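Spelled out from the first residue to the last, the chains are:
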Amino acid sequence: MKNVLVIGSTGQIGSELTMKLRNEISGSMVVAGYVKGAEPKGILLDSGPAEVADVTDASRLAEIVDKYKIDTIYNLAALLSAVAEAKPLMAWDIQMNGLLNILEIAREKGCAVFTPSSIGAFGPSTPHQNTPQDTIQRPKTMYGITKVASELLSDYYFSKYGVDTRSVRFPGLISNVTLPGGGTTDYAVDIYYAAVEGRDFACPIQAGTFMDMMYMPDALKAAIDIMNADPSKLIHRNSFNITSMSFDPEIIKNAILRHIPDFKMHYEFDPVRQAIADSWPDNMNDSCAREEWGWKPDFDLESMTVDMIKALKNKLK
Ligand code: SER
């Protein structure tokens, strides 16, 4: 991994992954790909090349791959679960037609490809406790359908054409840099902003609803480590369960209360997000990722809460 294109570089994951790759891969060229209306700014713009890279424009993507001799593509373009339910055709276009464009370019030009999957790739008939790596995947959401199909299509390009595709199933990602947009797990980010700003938090997810979650530094580490993993050790490719913690709204509220004792939360449940959350695992088994490429998270709920509150106090002062 030397010359990298990050598609979706201004999004929740991309904004931090692009900077981490630029800082950590010596002699690297990391191109920040973006769509019009989501232009990179500040350090993201100043620290390396940036190009318009819309996944639905295959010829443009091929030009960028040629221009920068790209060897690895991080394909982070996606509509999150709740937005994808509101715009299912757009979600299909970005997540499926976009992926097909990327895989074809990767096949022709010899690039490795990372396309994140998600807890959304599971559905109501999946075992919700200790969800295995290989299990029933019959999601009912457009987001989930595109994630399962992405896993299958990526594995197909590996087995049929030898394209080096690899992926992880991200849980809800919690970060203090760029907000997520339109996901079901967004509440676990929004709750920290409300707590630090002294606002009463209206929680859209009901008490007792457990989902896997992860702090962004661990998600970035996973995205890089999986692409650097020894391919001879990989039994799976698309896509590995990974998790750091599992909690419901009451547990994260209590974790925050230990640091911000006057924090207040009430429930204003959102039926769309609740139905999606109910169909997802409560907690995943990530032993295959641990065994095949050494996955291990650094943060748990307590250490993430301490770090989030500190970072947001600095950011919001
Ligand atoms: N965080 C995503 C969502 O909530 C799941 O991968 O849509």
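Residues numbered from 1 in each chain as written. Predicted model: local features only at pLDDT ≥ 70, side-chain atom pairs only at ≥ 80, totals over all residues. Heavy atoms only, no water.

## A word on unusual backbone geometry
Between N238 and S239 the backbone carries a cis peptide bond, its omega angle lying at 25 degrees. With respect to the element layout, S239 can be found in the loop between α8 (216-228) and β12 (240-241). Here the phi dihedral of K69 falls at roughly 50 degrees; this positive angle occurs in a residue that is not glycine. By the element assignment, K69 lies in the loop between α3 (58-67) and β4 (72-75). At N130, a position not held by glycine, the phi torsion is positive, near 55 degrees. Relative to the helices and strands, N130 is located in the loop between β6 (117-118) and α6 (142-161). (Helix = DSSP H or I, 4+ residues; strand = E, 2+ residues; numbered from the N terminus.)

## Re the packing of aromatic side chains
Tallied over the full model, the rule gives 8 aromatic pairs. Plain terms: the ring middles of Y74 and F114 are 5.2 Å apart, the flat faces sit at 50 degrees to each other, and that makes the pair tilted. Taken together, the positions of Y74 in strand β4 and F114 in strand β5 (residues 112-114) put the pair 40 residues apart, joining distant regions of the chain. When its relative accessible area of 1% is taken as the criterion, F114 is described as buried. Consider the rings of Y156 and Y161, whose centres lie 6.4 Å apart with planes at 90 degrees: the pair is edge-to-face. A relative accessible area of 41% means that Y156 is categorised as partly exposed. Through a chain of ring-to-ring contacts, the aromatic side chains of Y74, F114 and F170 assemble into a single cluster. In this arrangement the basic side chain of R107 is found over the ring face of Y161, its NZ or CZ atom lying 4.9 Å from the centre. A cation over a ring is seen here: R237 above F158, with NZ or CZ 3.8 Å from the ring centre. (Phe/Tyr/Trp six-rings, centres within 6.5 Å; stacked < 30°, edge-to-face > 60°. Buried < 20%, exposed > 50% of the residue type's maximum accessible area, 1.4 Å probe, protein only. Lys NZ or Arg CZ within 6 Å of the ring centre and 35° of its normal.)

## Description of the sheet that holds strand β13 (residues 245-247)
Hydrogen bonds between backbone groups are what pair the strands of a sheet, and the pairing can be parallel or antiparallel. Here we have 3 strands laid out as an open sheet, ordered β9-β11-β13, and mixed in their pairing. The open sheet has two edge strands with one neighbour each: β9 (172-174) and β13. For this sheet, the mean inter-axis angle between neighbouring strands, taken without regard to orientation, is 40 degrees. Bridge count between strand β11 (residues 211-215) and β13: 3 bridges; the pairing is antiparallel. Looking across to β13, one finds that D212 is bridged to S246. (Pairing = 2+ DSSP bridges. Axes fitted to C-alpha atoms, helices over the stretch in contact; angles between N-to-C directions.)

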